[in-house]
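Report on the structure
Residues per chain, in single letters:
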Amino acid sequence: MLPENPVFVALDTPELEQAVAWADAVRPRVGGVKLGLEFFNSNGPDGVRRIVDLGLPVFLDLKFHDIPNTVAGAVNAVAGLGAAIVNVHAGGGSAMLSAAATAAAEYGANRPLVVAVTVLTSLDDDDLASVGQAGPAVSQVERLARLSQSCGLDGVVCSPAEIAVLRTACGDRFRLVVPGIRPAWANAGDQKRIMTPREARDLGADVLVIGRPITGSDDPAAAAARIADELDISS
Ligand code: C5P
């Protein structure tokens, strides 16, 4: 189950106390938080437990990509930490994707959602060609999303530009987790293909991953509240 508020704040910091402070500040007006490789490689499983213990759903964004047996073990390990969403690379192939879904399923009603990274948004069509993948990127994204769905995954991570295509291709119940979100009042930073929270939600995004517009703000609590207000979410 995902929270009603679709906003997951990216706590992109190696500092545990900074992550805790951000999570505490935004807690009343967001759906969850996202912890990535920077946080995990600095603070490890104990750091994740500390954030999970704050009571907000945690998306653990570690993008596993390895042989099926190893990925199954990794998913099992992070599911045991209490993460609500975990992810793998769809490019790992069908056996790896199925192994990830099966490993999560062992946690029954408490299992994390497993979503797949399709094509990193930092790659363009030329980058895809250079690693031997047929573009354009949106076609490769759709191909990998369909594969992920057929292997029992709950959804994919995609850019705002891909929401509409994937909603049509994969149906209403497939979860779309979307970074590259910028409120109209925030700086784009290094994100290129951006959309506002409201636009992305209205197109069909289930989870909006938002980092610097909140964590880089002078007042993260106020920024989170402003976004929730724009989404008409009161609590
Ligand atoms: O600060 P910002 O809102 O750009 O943060 C977006 C978060 O989503 C970061 O943690 C980034 O690593 C992550 N992300 C992304 N694009 C992807 C996958 C993940 O921006 N394709």
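Residues numbered from 1 in each chain as written. Predicted model: local features only at pLDDT ≥ 70, side-chain atom pairs only at ≥ 80, totals over all residues. Heavy atoms only, no water.

Brief notes about unusual backbone geometry
Peptide bonds are, in most cases, trans, and in most cases residues other than glycine have a negative phi. For the bond from Gly135 to Pro136, the omega torsion is -5 degrees, close enough to zero to count as cis. Of note, Pro136 is situated in the loop between helix H5 (125–130) and helix H6 (137–150). Phi angles above zero are rare outside glycine, and Lys63 is one such case at about 50 degrees. As for its placement among the helices and strands, Lys63 is situated in strand S3 (residues 58–64). At Asp232, a position not held by glycine, the phi torsion is positive, near 60 degrees. In this fold, Asp232 is placed in the segment after helix H10 (220–230). Of the residues examined, Asp232 reaches a relative accessible area of 58% and is grouped as exposed. (Helix = DSSP H or I, 4+ residues; strand = E, 2+ residues; numbered from the N terminus. Buried < 20%, exposed > 50% of the residue type's maximum accessible area, 1.4 Å probe, protein only.)

Considering the packing of H6 against helix H7 (residues 163–170)
At a minimum axis separation of 10 Å, H6 and H7 run at an interaxial angle of 35 degrees. Once H6 is placed against H7, the crossing between them reads as right-handed. Here Val138, Val141, Glu142, Ala145, Arg146 and Gln149 of H6 lie close against H7, whose contacting residues are Val165, Leu166, Ala169 and Cys170. Looking at the contact of H6 with H7 residue by residue, the class counts come to seven nonpolar, one polar and two charged. (Axes fitted to C-alpha atoms, helices over the stretch in contact; angles between N-to-C directions. Left-handed = near helix turned anticlockwise from the far one by under 90°. Contact = heavy atoms within 4.5 Å. Nonpolar A, V, L, I, M, F, W, Y, C, P; charged D, E, K, R; others polar.)

Focus: helix H4 (residues 94–105)
Between its first and last C-alpha atoms H4 spans 16 Å; for twelve residues at 1.5 Å apiece the expected length is 16 Å, and the two agree. Residues of H4 that are buried include every one of Met96, Leu97, Ala99, Ala100, Ala101, Ala103 and Ala104, and no others. Packing partners of the buried residues in H4 comprise S3, helix H3 (68–79), strand S4 (85–89), strand S5 (113–117) and H6. (Expected span 1.5 Å × (residues − 1).)

Focus on the site of the ligand
Neighbouring the ligand are Ala10, Asp12, Lys34, Thr121, Pro179, Arg182, Gln191, Val209, Ile210, Gly211, Arg212 and Pro213. Gly211 is positioned such that a nitrogen or oxygen atom in its backbone is 2.8 Å from an oxygen atom of the ligand. Taking 470 Å² as the accessible area of the ligand by itself, protein coverage stands at 83%. At the level of elements, strand S8 (207–210) and helix H9 (212–215) are the ones that each hand at least two residues to the shell around the ligand. Among the residues making up the shell around the ligand, the classes are represented as five nonpolar, three polar and four charged. (Near = heavy atom within 4 Å. Polar contact = N/O pair within 3.5 Å; in protein donor to acceptor, adjacent residues only side chain to side chain. Areas by Shrake-Rupley, 256 points an atom, 1.4 Å probe, with all protein chains shown as cover.)

As for the sheet that holds strand S6 (residues 155–157)
In spatial order, the strands read S1-S2-S3-S4-S5-S6-S7-S8; together these eight strands close into a barrel with parallel pairing. Across the sheet, the mean angle separating the axes of adjacent strands is 25 degrees when strand polarity is ignored. For S3 and S4, the ladder comprises three bridges, and the chain directions are parallel. The residue of S4 that forms the bridge with Phe64 is Val88. Sheet strands touched by H3: S3 and S4. Its angle to S3, the strand with the most contacts, is close to 165 degrees. (Pairing = 2+ DSSP bridges.)

Things to note about the nonpolar core
By size, the foremost hydrophobic cluster in this structure holds 70 residues, and its most contacted members are Val7, Ile51, Leu60, Val75, Val88 and Ile214. In contact with Val88, other than residues within four places in its own chain, are Lys63, Phe64, Val71, Val75, Met96, Leu97, Ala100, Val115, Ala116, Val117 and Leu153. In terms of nonpolar packing, the next biggest core, distinct from the first, is built from twelve residues, Leu2, Leu113, Val115 and Val177 among them. (Core = buried A, V, L, I, M, F, W, Y, C linked by side-chain atoms within 4.5 Å.)

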